[in-house]
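Fold and contact review
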Number of protein chains: 2
Amino acid sequence: MAKKGQYTYEYPHPAVTADSVVFGYDGKELKVLLIKRGAEKEASTTAYAGEWALPGGFLDVEKDKTIAYTAKRELKEETGLRLSEKEFKEFGTFSDIKRDPRERVITIAHYALVKLTEVQADTDADKAEWFSLKEVPSLAFDHDKILRDAFSRLKQDIHFQPVGFELLPEIFTLPQLQNLYESILEVKFDRRNFANKMKHYGILSEVEDGTPRHGTRTPIKYRFDKENYDRLKGNGFRLEF
Amino acid sequence: MAKKGQYTYEYPHPAVTADSVVFGYDGKELKVLLIKRGAEKEASTTAYAGEWALPGGFLDVEKDKTIAYTAKRELKEETGLRLSEKEFKEFGTFSDIKRDPRERVITIAHYALVKLTEVQADTDADKAEWFSLKEVPSLAFDHDKILRDAFSRLKQDIHFQPVGFELLPEIFTLPQLQNLYESILEVKFDRRNFANKMKHYGILSEVEDGTPRHGTRTPIKYRFDKENYDRLKGNGFRLEF
DNA sequence: AGCTTTATGCGTTGCTATTACGCAAATTTT
DNA sequence: AAAATTTGCGTAATAGCAACGCATAAAGCT
């Protein structure tokens, strides 16, 4: 254990944290993963004790190779979720001088997209909880603003990059995909035009699962064509609204 | 002057800097502003002494309200250029554990666009110099990578937001505007289609400067319609390529 | 059970935007 | 003087997009 006051510098240094906004989709609406701040182990986490906050924590100056690694490590520690560093998308720095009452703390904010249906079992329910975006409580520090910024960044990104793969289960239906887009963009699309567009991109593969499609009301099942999907991510596209 | 070893912390803290990639356009090609690192005042700047680098410097933990302010302050100190905080666009954090040989330094990277023709006089030529993007020397730290990332970010942003206003002189011609876009995107557009598109956006106002247009070869002069320009920035648009 | 409402897939039509060019005039280059 | 270049103005063909109709089966309702 480190002794108090062991680390000295010629000039004042800020603390640096990585915070993560983890979005999940349950087939109906967009959710976000929050943790409850406790006065458990570290004395430094007592600020805003008991309040809800984004998962995240301090950069380990000596061990964390990059900030993305900090985000990954802290998410695992605080919520049980294991994501790879690549899945964290950095979207901004929050550096306001008063944002943490204890000392100067700069946070590098990230967002990540996960298949809620698959990861729900892995999230440590004692510490973490999924909240509907519409029912998020007020958060510690400036995490309200960070969350708002993350959502508007996701909203922007989705116009130019497909995001379904990260959020939907492997097999899904077109109405599900459309609902996902509508949840994120907060708009409504015409059913048939949306279907045409998605099919036109060539990122969907029909799934034959034995069940002979009974009626027109049972939606056709799809999976993503990973190859075309990634190509489209690289090239970018434009989804109107 | 601060005494040595005055600032102590329970856990190690990183240093935090703000670095800026300042792009300018001289009517022909895109340029970037670099500084020559010297062993002048601060002992801490001796790393990579004599090499070219991006302007930037350490966050003043006690005085700088935000990282953007650090960027603004350091740019002024190092190059003489005065920009407002809003003109700095943050595009990423560089946090590799080995990126600075002295200690752990996290940098928040920004880019800015300026009218080269107007600011050239303000840049302190003793310390700073404008380089063509094609002739940039190899840079200190990981600044090569930061510069590459800034350029590709600018390239992305220009697809969805007009950028001419920030880079061109107040009065300019359509060929100039097209050349700017072509310089950034590294592609060629069809002259007439480009003109049609720009006119269609409604952000151009023809300038009557007495000179009765001699021949068709003297390009028509324009200025930006600031109101429509800003509206377009807000809404976003899509420039194909 | 029988009727109404809703969800899904497959299309069509008109409109707008985009692309790929042609042409004339004047300047610059050779 | 001739040739090549640059600029503005225009047009035809095409592709993409938005708005909408129709048939069918499931789900909801009385």
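Before going further, it helps to spend a moment on the domain arrangement of chain A. It is common to give the size of an interface as the accessible area that goes away when the parts come together. All names here are of chain A. By domain assignment, chain A separates into domain 1 (15-157) and domain 2 (163-234). Taken together, the 17 residues of domain 1 in the interface contact 14 residues of domain 2. Of the roughly 1200 Å² buried between domain 1 and domain 2 on both sides combined, carbon and sulfur atoms contribute 61%. Counting across the domain 1 and domain 2 interface gives 1 salt bridge.

To continue, consider the packing of aromatic side chains. Residues and elements named next belong to chain A. With the rule as written, the count across this model stands at 26 aromatic pairs over all chains. Seen in terms of ring centroids, Tyr48 and Phe141 are 4.5 Å apart; in terms of plane orientation they differ by 55°. Their pairing is tilted. With Tyr48 in the loop between strand S3 (30-36) and strand S4 (52-53) and Phe141 in the loop between strand S8 (128-132) and helix H3 (143-160), this residue pair connects regions lying 93 residues apart in the sequence. Taking relative accessible area as the criterion, Tyr48 reaches 31% and is therefore assigned partly exposed. Through pairs of rings, three or more aromatic residues link up here, namely Phe23, Phe91, Phe94, Tyr111 and Phe151. Here Lys115 stacks its cationic end above the ring of Phe165, 4.4 Å away from the centre of that ring. The ring of Phe165 has Lys226 sitting right over it, with the charged end atom 4.9 Å from the ring centre.

Here we take up the relation of the copies chain B and chain A. Turning chain B through 180° and shifting it by 0.0 Å along the axis lays it on chain A, with an RMSD of 0.1 Å. Taken together, these values place the two copies in the relation of a two-fold axis. Closest approach to the rotation axis within chain B is made by the C-alpha atom of Thr8 of chain B, at a distance of 2.0 Å. Comparing interface residues between copies, 100% of those in chain B also lie at the interface in chain A; the contact surface is shared.

Let us now look at the pattern of salt bridges. Following the criterion strictly, the structure yields 32 salt bridges over all chains and no others. A salt bridge links Lys233 of chain A to Glu166 of chain A, with the nearest nitrogen and oxygen atoms 2.6 Å apart. Note that Lys233 of chain A is positioned in helix H7 (residues 226-235) and Glu166 of chain A in helix H4 (residues 164-167), a separation of 67 residues in sequence. Residue Asp190 of chain B pairs with Arg192 of chain B through a salt bridge whose shortest N-O separation is 3.2 Å. Judged by its relative accessible area of 33%, Asp190 of chain B is partly exposed. A single salt-bridge network, built from bridges that share partners, covers Asp64, Arg73, Glu74 and Glu77 of chain A.

Our focus in this paragraph is helix H6 (residues 191-201) of chain A. Residues and elements named next belong to chain A. Considered for burial, the residues of H6 that qualify are Phe194, Ala195, Met198 and Tyr201. Relative to the axis of H6, the buried residues are bounded by an arc of 130° and lie together on one face. Residues of H6 that are exposed and point more than 90 degrees away from the buried face comprise Arg192 and His200. Near the N-terminus of H6, the side chain that reaches the backbone nitrogen of Arg192, with its oxygen 2.9 Å away, is that of Asp190.

Of the residues lining the interface, 38 residues belong to chain B; the matching set on chain A comes to 38 residues. Both sides together, the interface formed by chain B and chain A hides about 3400 Å², and carbon and sulfur atoms give 59% of it. The three residues of chain B that bury the most area against chain A are Tyr9, Pro12 and Val61 of chain B, which together make up 17% of that side's buried surface. At the surface where chain B touches chain A, the tally comes to 0 salt bridges. Of all the secondary structure elements, the ones that give two or more residues to the side of chain B that touches chain A are strand S1 (7-9), strand S2 (15-25), strand S6 (89-94), strand S7 (105-114) and helix H3 (143-160) of chain B.

Turning next to the sheet that holds strand S11 (residues 221-224) of chain B. The strands making up a sheet associate through backbone hydrogen bonding, with each pair oriented either parallel or antiparallel. Residue and element names in this part refer to chain B. Strand order in this open sheet of 3 strands is S9-S11-S10, and the pairing throughout is antiparallel. Looking at which strands have only one partner, the edges of the open sheet turn out to be strand S9 (172-173) and strand S10 (204-206). Relative to S11, S10 is paired through 3 bridges, and the arrangement is antiparallel. Note on S11: the bridge partner recorded for Glu206 is Tyr222.

Parameters and conventions
- Residues numbered from 1 in each chain as written.
- Chains lettered and ligands numbered in written order.
- Predicted model: local features only at pLDDT ≥ 70, side-chain atom pairs only at ≥ 80, totals over all residues.
- Heavy atoms only, no water.
- Domains from an automatic or database assignment.
- Contact = heavy atoms within 4.5 Å.
- Buried area = accessible area lost by both parts, 1.4 Å probe.
- Salt bridge = Lys/Arg side-chain N within 4 Å of Asp/Glu carboxyl O.
- Phe/Tyr/Trp six-rings, centres within 6.5 Å; stacked < 30°, edge-to-face > 60°.
- Helix = DSSP H or I, 4+ residues; strand = E, 2+ residues; numbered from the N terminus.
- Buried < 20%, exposed > 50% of the residue type's maximum accessible area, 1.4 Å probe, protein only.
- Lys NZ or Arg CZ within 6 Å of the ring centre and 35° of its normal.
- Least-squares fit on C-alpha atoms with pLDDT ≥ 70 in both.
- Arc of directions from axis to C-beta.
- Polar contact = N/O pair within 3.5 Å; in protein donor to acceptor, adjacent residues only side chain to side chain.
- Pairing = 2+ DSSP bridges.

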